[in-house]
Amino acid sequence: MSPPEVHAAVSNGVSVPDLDLPYPAKPEDVTANAIKLTELAPNPRTRFIFKNLISKLHEFISETNITTEEWMTAIQFLTRTGQTCTPLRQEFILLSDVLGVSAFVDALNNPTIGQATDSSVLGPFFTSDAPDGSSFPSNSNALSPLSLCLCHSSLTVPFGESIASEGKGEYLYVEGRVLTTGGDGVPDAVIETWETDDRGESAVIFALRSLGGGGGISQYPNHPTQSGKTKSRNRNDAPAVAMCVNFYPPDATSFLRLRLAAPGYYDTQYDDRVVPDCRGRVRTDNEGRFGYRAVVPVAYPIPNDGPVSELLIALKRHNVRPNHLHMMIVAPGFRKLTTALYPEGDIYLSSDVVFGVKKSLVVNLTEVDDEAEARKRGFPKGTKFKLLKYDFTLLREAEWAAARATGLQRHRQALLENAMDNIFLQMY
């Protein structure tokens, strides 16, 4: 009989360090030993990062006098954060987002320079499987002929075509140019773009009609969790409202609350997702121009069924992102630009739960009511659509490197000045 298989930890092959590591007699000794051990790391950048991480982390624990119970709560929180992650959901990125870490790293690594377009946070809903052609499933309703064809994966969504299948929201046409800092067009730049749908719109209309202006509460059982993975939700279901709030007469604030009860969703939040939708990959022409059809994005709550949502509730913070359209632009010789455009007028612009909005990225949507123009731009029905015009300016790699070096120098100077101010205040 063979012995039972044992899954045991084994040595990683690293020998005992030739360092003077005294037995800890006080908390500071633990910190000193941990920092000393970072000197063993062969990579200088690794040594630098972990020396500072350990130092600041231990300093935080000391300053806040963390209890054993609080430490265990934090460990359990981080454990659940990891357990919530899936190939299509990144709860750790969401945690980084709501703590402002993502926005801070983005700002530090992408300083504003001249007329170059500001960056914004990537967010947790980016996927790498955006369609190169509009290959929506053949059973989708009211798709364009292009959407029904199976396009070769090396093709982009053609100029003027749609990233969204029909019925996903109010029509939007997006156009502009990708430019150098000198104003020249950047040809053949690849633009990854993604957004929410607006499937909640008809649910709001239904709820308003059911309330009849008299107020009331209505609940619908099939409203999906904000993670988007529910067995009862698919893209062909009638949109459902989680709760219709009391209001009489209907006013702007109450309508907004009702609207957020039926937000839009990213395609990854649908249980029956087969291919990407409301996301796509487009290219600029020889003059740097691009144009494509989409839907007007809507404000939406970030996932509310995980540990990050619990954290926001504990901090008494809302979990809403203002409406926005994501863009990631890549071109040879240029710094990759990850950004987003935020239509003006959204009340959540200044308190975006992930701190992603920058003033230069707030844009105006022009309303067009012209049947001929709508058909010209490829919209299959109606006379109205919104028009978004925006030019993106990319930095060359050398321009970015110089700007980042200058930005880091300014950041270090600000930190030094802040530290000196703190020392001064402590003295007096």
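Caption draft 1: Looking closely at the overall build of the chain. Each helix and strand in the chain was counted, giving eleven helices and 14 strands. When each of the 428 residues of the chain is scored for burial, the buried share is 42%. Intrachain contacts of the chain at a sequence separation of at least 6 include 70% that bridge at least 24 residues. Roughly 24000 Å² of accessible area belongs to the chain as shown, and the carbon and sulfur atoms make up 57% of that amount.

Caption draft 2: Fine view of helix α9 (residues 307-314). Among all positions of α9, only P307, V308, S309 and L312 are buried. Those residues of α9 hidden inside the fold are in contact with α3 (68-84) and α4 (91-98). Within two residues after α9, K316 carries a phi angle of roughly 55°, on the positive side.

Caption draft 3: Looking closely at the sheet that holds strand β5 (residues 279-283). Read from one edge of the open sheet, five strands run β5-β2-β9-β10-β11, paired in mixed fashion. Unpaired on one side and paired on the other, β5 and β11 (362-363) mark the two borders of the sheet. In terms of strand pairing, strand β2 (residues 190-194) meets strand β9 (residues 325-330) through five bridges, oriented antiparallel. In the sheet register, E192 faces β9, and the bridge partner there is M328.

Caption draft 4: Geometry of the packing of aromatic side chains. Evaluation of the coordinates by the stated rule reveals ten aromatic pairs. On the numbers, 4.9 Å between centres and 55° between planes, the contact of F126 with W194 is tilted. Here F126 is found in the loop between α5 (101-109) and α6 (145-148), whereas its partner W194 is found in strand β2, with 68 residues between them in sequence. Residue class for F126 comes out partly exposed when judged on its relative accessible area of 25%. A connected cluster of aromatic rings, assembled from ring pairs, spans Y171, Y173, F379 and F385. Over the ring of F379 we find R293, and its NZ or CZ is 5.9 Å from the ring centre.

Caption draft 5: Quick look at the pattern of salt bridges. According to the stated counting rule, one finds 19 salt bridges in the structure shown. When the shortest N-O distance is used, the salt bridge between R80 and E310 registers 2.9 Å. You can see R80 sitting in helix α3 and its partner E310 sitting in helix α9, a full 230 residues away along the chain. Its salt-bridge partner being D267, residue R279 comes within 2.8 Å of it at the nearest N-O pair. Within this pair, whereas R279 is found in strand β5, its partner D267 is found in the loop between α8 (252-260) and β5, the two being separated by twelve residues in sequence.

Caption draft 6: How the structure looks around the packing of helix α1 (residues 27-37) against helix α2 (residues 44-64). In the contact formed by α1 and α2, the axes pass within 9 Å of each other and the chain directions differ by 165°. In terms of orientation, α1 and α2 fall into the roughly antiparallel class. α1 and α2 meet at a crossing whose hand is right-handed. Contacts from V30, T31, A34 and I35 of α1 reach α2 at K51, I54, S55 and H58.

Caption draft 7: Layout of the pairing of strand β1 (residues 171-179). With eight of nine residues buried, β1 lies mostly within the body of the structure. Relative to strand β6 (residues 289-295), β1 is paired through seven bridges, and the arrangement is antiparallel. If you follow L172 over to β6, its bridge partner there is A294. The pairing of β1 with strand β13 (residues 384-389) spans four bridges and is classified as parallel. If you follow V174 over to β13, its bridge partner there is L388. The pairing of β1 with strand β14 (residues 392-393) spans two bridges and is parallel. By the bridge assignment for β14, V178 is matched with F392.

Caption draft 8: The arrangement of the packing of α4 against α9 in detail. One way to put it is that α4 packs onto α9 with a least axis distance of 9 Å and a crossing angle of 20°. Classed by the angle they form, the pair α4 and α9 counts as roughly parallel. Contact residues: α4 offers E91, L94, L95 and V98, while α9 offers P307, V308, L311 and L312. Considering only residue class, the contact of α4 with α9 consists of seven nonpolar, no polar and one charged.

Caption draft 9: Local environment of the environment of T383. Tracing the chain through its elements places T383 in the loop between α10 (371-376) and β13. Taking relative accessible area as the criterion, T383 reaches 30% and is therefore assigned partly exposed. Each C-alpha atom of the pair T383 and A372 lies 7.7 Å from the other, and the pair is eleven residues apart in sequence. When neighbours within four sequence positions are excluded, T383 is seen to be in contact with V368, D369, D370, E371 and A374.

Caption draft 10: Inspection of a nonpolar patch on the surface at higher detail. On the surface, F48, I49, F50, L53, L57, F60, I61, I66, W71, M72 and I75 cluster together to form a nonpolar patch covering roughly 1000 Å² of accessible area. Broken down by secondary-structure element, the contributors of at least two residues to the nonpolar patch are α2 and α3. At seven residues, the largest contribution of residues to the nonpolar patch is made by α2. Here M72 lies in helix α3. In this structure M72 comes out as partly exposed when scored by relative accessible area, which is 36%.

Definitions and cut-offs
Residues numbered from 1 in each chain as written. Predicted model: local features only at pLDDT ≥ 70, side-chain atom pairs only at ≥ 80, totals over all residues. Heavy atoms only, no water. Helix = DSSP H or I, 4+ residues; strand = E, 2+ residues; numbered from the N terminus. Buried < 20%, exposed > 50% of the residue type's maximum accessible area, 1.4 Å probe, protein only. Contact = heavy atoms within 4.5 Å. Areas by Shrake-Rupley, 256 points an atom, 1.4 Å probe, with all protein chains shown as cover. Pairing = 2+ DSSP bridges. Phe/Tyr/Trp six-rings, centres within 6.5 Å; stacked < 30°, edge-to-face > 60°. Lys NZ or Arg CZ within 6 Å of the ring centre and 35° of its normal. Salt bridge = Lys/Arg side-chain N within 4 Å of Asp/Glu carboxyl O. Axes fitted to C-alpha atoms, helices over the stretch in contact; angles between N-to-C directions. Parallel < 35°, antiparallel > 145°, perpendicular 65-115°, else oblique. Left-handed = near helix turned anticlockwise from the far one by under 90°. Nonpolar A, V, L, I, M, F, W, Y, C, P; charged D, E, K, R; others polar. Patch = residues over 30% accessible without salt bridge, like charges linked within 9 Å, V, L, I, M, F, W, Y side chains within 5 Å.

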